[in-house]
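Coordinate analysis (summary)
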Amino acid sequence: MKIGFIGIGQMGRHMSRRILEAGYDLTIHDLKKEAAVPLLEKGAKWSNSPKEVAKSCELVFSSLPTPQNIEEMVYGDSGLSKGWKKGDIYVDMSTNSPSTIRKIAADAKKAGVTVLDAPVSGGTKGADAGTLAIMVGGDTAAMEKIRDVLLTMGKKIFPVGDAGCGNICKLVNNLISLACNSISAEGFVLGVKAGIDPQTLWEIVSMSTGNNWCMQQFPNTTFKGNFEPGFRVGLAYKDIGLALDLGKEYKVPLPVGETVKKDLQDTIAAGFIDKGVDAVILPLEKECGVKVRTL
Ligand code: NAD
């Protein structure tokens, strides 16, 4: 099976590498060719456009930042849809808008192409280790056909409904996780400002009811003053916006989500759009005159 992968970024470079290392014939494309160099050195082939990827592959994955990037990649003059063929499968692994995926899936169906959305959780570490959770929306027969390829990237595959449903699950997860990220930052600034040692506080919360995945990252990020991505603030802002849009679509009020959006907006305004998402603590640290560090 010839496989294409479009978007060789923080996530895509690991996911596509794992496909290649499993022995598949892999063709890659990114707007920036330099992103592809390590994989080309390992034997992947390069294509100049998504259209060329679609022409030469029967299964294509993408991992791109925003719904706009995905629409441009699919519908542009040299887009995927200009090259895809009857019987092909296209799997978008980005965190995307469910309505964008539904539209692409409906258009692709007219050309005999099956679209799955398969967003992932587990971060860049999970992508590197092939331990991602993969939430799959769309035709289950197509999903079964590519199960072995998905398992090169993830350890657990969840079929969750029609195309778009994968992203509904992913956006719910990120709504919860980004709220944990913001409240953990607030809690630690409060504790440290009030005189508690951050490491001691972390050990207490780790075995208490406030424990959460985001706070578990602190020893490698916040405590060391390491705010390199990982998962960029700009992408987190995109995800909270998509979750709030989903809330509007289904008429579900999300007041905590609105507050998280404001936190991310403040972090972007402070100049940290390309930092890792733990950087939401930085504006509050500045305001309060403390640093949550163990250095
Ligand atoms: P990234 O910005 O590091 O990488 C995206 C890549 O896509 C870049 O190399 C960029 O050049 C390329 N690209 C953009 N538009 C393109 C186009 N039209 N055609 C071809 N290439 C294009 O982003 P990332 O962190 O790898 O995230 C990718 C997706 O995965 C996002 O939707 C993100 O929300 C999601 N995600 C990220 C993480 C994480 O920890 N980074 C975790 C889970 C999910």
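In what follows, the structure referred to is the one given above.
Computed from a predicted structure; not experimentally measured.

About the criteria used
- Residues numbered from 1 in each chain as written.
- Predicted model: local features only at pLDDT ≥ 70, side-chain atom pairs only at ≥ 80, totals over all residues.
- Heavy atoms only, no water.
- Core = buried A, V, L, I, M, F, W, Y, C linked by side-chain atoms within 4.5 Å.
- Buried < 20%, exposed > 50% of the residue type's maximum accessible area, 1.4 Å probe, protein only.
- Helix = DSSP H or I, 4+ residues; strand = E, 2+ residues; numbered from the N terminus.
- Contact = heavy atoms within 4.5 Å.
- Axes fitted to C-alpha atoms, helices over the stretch in contact; angles between N-to-C directions.
- Parallel < 35°, antiparallel > 145°, perpendicular 65-115°, else oblique.
- Left-handed = near helix turned anticlockwise from the far one by under 90°.
- Nonpolar A, V, L, I, M, F, W, Y, C, P; charged D, E, K, R; others polar.

Ranked by size, the top nonpolar core spans 31 residues in total, and within it Phe-61, Met-93 and Leu-150 carry the most contacts. Sorting the residues of this core by element identifies strand S1 (2–6), helix H1 (12–21), strand S2 (25–29), strand S4 (59–62), strand S5 (89–92), strand S8 (132–137), helix H7 (140–145) and helix H8 (147–153) as the ones contributing at least two each. The residues contacting Met-93, other than those within four sequence positions of it, are Met-15, Phe-61, Ser-62, Ala-118, Pro-119, Val-120, Ile-134, Leu-150 and Met-153. With 30 residues, the next largest nonpolar core counts Ala-185, Met-215, Ala-243 and Val-292 among its residues.

Running from N to C, helix H4 (residues 67–75) and helix H5 (residues 98–110) cross one another at 10°; their axes reach a closest spacing of 11 Å. When the axes of H4 and H5 are compared, the pair comes out roughly parallel. The interaxial crossing formed by H4 with H5 has left-handed handedness. For the pair H4 and H5, the contacting residues are Pro-67, Ile-70, Glu-71, Val-74 and Tyr-75 in the first and Thr-100, Lys-103, Ile-104 and Asp-107 in the second. Classifying every residue of the contact of H4 with H5 by side-chain character gives 5 nonpolar, 1 polar and 3 charged.

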